[in-house]
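So you can see what is in the structure, the chains are spelled out below.
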Amino acid sequence: MPTGTVKLTWSSTTKRITAAFDVYGLTPASSHAVHLHTGTCLRQGGVVIPFPDLTANAVGAATATLTSLVAAPSGIPPGTYLNVHLAPSAQLGSPGSLTFTPLACADVPSGTKASATLTMQALPQAAQHPTGSANLSYDQAAKKLTVTLDLAGLAPGSGHAAHIHLGSCQAQGAIKYPLTALTADSSGSARSTTIIPDVASSPPSTGWYVNVHLGAPAQLTLGGKPTLYFQPILCGNVT
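Everything in this summary refers to the structure shown in the same document.

Conventions and cut-offs
- Residues numbered from 1 in each chain as written.
- Predicted model: local features only at pLDDT ≥ 70, side-chain atom pairs only at ≥ 80, totals over all residues.
- Heavy atoms only, no water.
- Pairing = 2+ DSSP bridges.
- Helix = DSSP H or I, 4+ residues; strand = E, 2+ residues; numbered from the N terminus.
- Phe/Tyr/Trp six-rings, centres within 6.5 Å; stacked < 30°, edge-to-face > 60°.
- Buried < 20%, exposed > 50% of the residue type's maximum accessible area, 1.4 Å probe, protein only.
- Core = buried A, V, L, I, M, F, W, Y, C linked by side-chain atoms within 4.5 Å.
- Contact = heavy atoms within 4.5 Å.
- Axes fitted to C-alpha atoms, helices over the stretch in contact; angles between N-to-C directions.

### Describing the pairing of strand 12 (residues 172-183)
Where strand 11 (residues 159-167) and strand 12 come together, seven bridges link them in antiparallel fashion. Counted as the bridge partner of H165 is I175 from strand 12. Taking the residues that link successive antiparallel strands as the turn, the strand 11-strand 12 hairpin has four residues.

Okay, structure coming up:
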């Protein structure tokens, strides 16, 4: 998380580039700086084409077309990649800072001039490119739900909140059950087991999802609003 597609289109008339986003998995109602940079997602360089900020809706999805803030006289610049950052432009820090963190990235294919459709994906950064699984087991007799998370690829020593939410990864909703917080070991792995009592019935076939956040529970909100650490990094729909 986040993920989705972006279509880049260059206009020979206006000399501007539009970026049509269809992505999900952002913090609900959050805003994010967007740029074309020189280099690749794994060999990142400086900004060449800035765009207005991308803003997610109330369920963490963003469907919007952004027009570049500067002209691109000869087309989509070669040797570039599109980057969505954790923070909005007004809060963007220097490379390596939390605010500058790349959330989703895609390389522009070689030879592109007028248009390209990119698949945005999280990229390895600061030893953090998480993968893993969630196992839910319901005991009908005891009316209890056991949830086991088994993750890898986290930043060593990092802490992460996790929850069962109402909704889906594509349309995020409120917390249904908090899960035991995760702390990654020196290899970036983390495992937790949560036993939830007094659960009236087994999980529904749709309508729940498991979410792992960038930060620990105490970091997720400030003044009742999500912080940068709320950003989902792993998500799975319960089926």
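### Notes on unusual backbone geometry
Following M1, the chain continues into P2 via a peptide bond in cis, with omega recorded as -5°. Along the polypeptide, P2 turns up in the segment before strand 1 (3-10). Phi angles above zero are rare outside glycine, and A29 is one such case at about 65°. Turning to its location among the elements, A29 is positioned in the loop between strand 2 (17-24) and strand 3 (31-40).

### Overview of the packing of aromatic side chains
What describes a pair of aromatic rings is the distance from one ring centre to the other and the angle between the planes of the rings. Evaluated as defined, the whole model comprises one aromatic pair. Considering the side-chain rings of Y177 and W208, the 5.8 Å spacing of their centres and the 80° angle between planes classify their relative orientation as edge-to-face. Of this pair, Y177 sits in strand 12 while W208 sits in strand 14 (residues 208-213), and the two are 31 residues apart along the sequence. Note on accessibility: Y177 and W208 belong to one class, buried.

### Regarding the nonpolar core
Core analysis: the largest hydrophobic core is formed by 50 residues, its most contacted members being L8, F21, F51, L82 and I164. Setting aside residues up to four positions removed in sequence, F51 forms contacts with I17, T18, A19, V34, H35, L36, L66, T67, S68, L69 and L82.

### Points about the sheet that holds strand 1
Taken in spatial order, the four strands of this open sheet run 5-2-1-8, and their pairing is antiparallel. Since the sheet does not close on itself, it has two edges, and those belong to strand 5 (62-67) and strand 8 (115-120), each with one partner. Averaged over all neighbouring strand pairs, the angle between strand axes comes to 15°, with direction disregarded. Two elements, strand 1 and strand 8, share six bridges in a ladder whose sense is antiparallel. Bridge pairing in strand 8 links K7 to T117.

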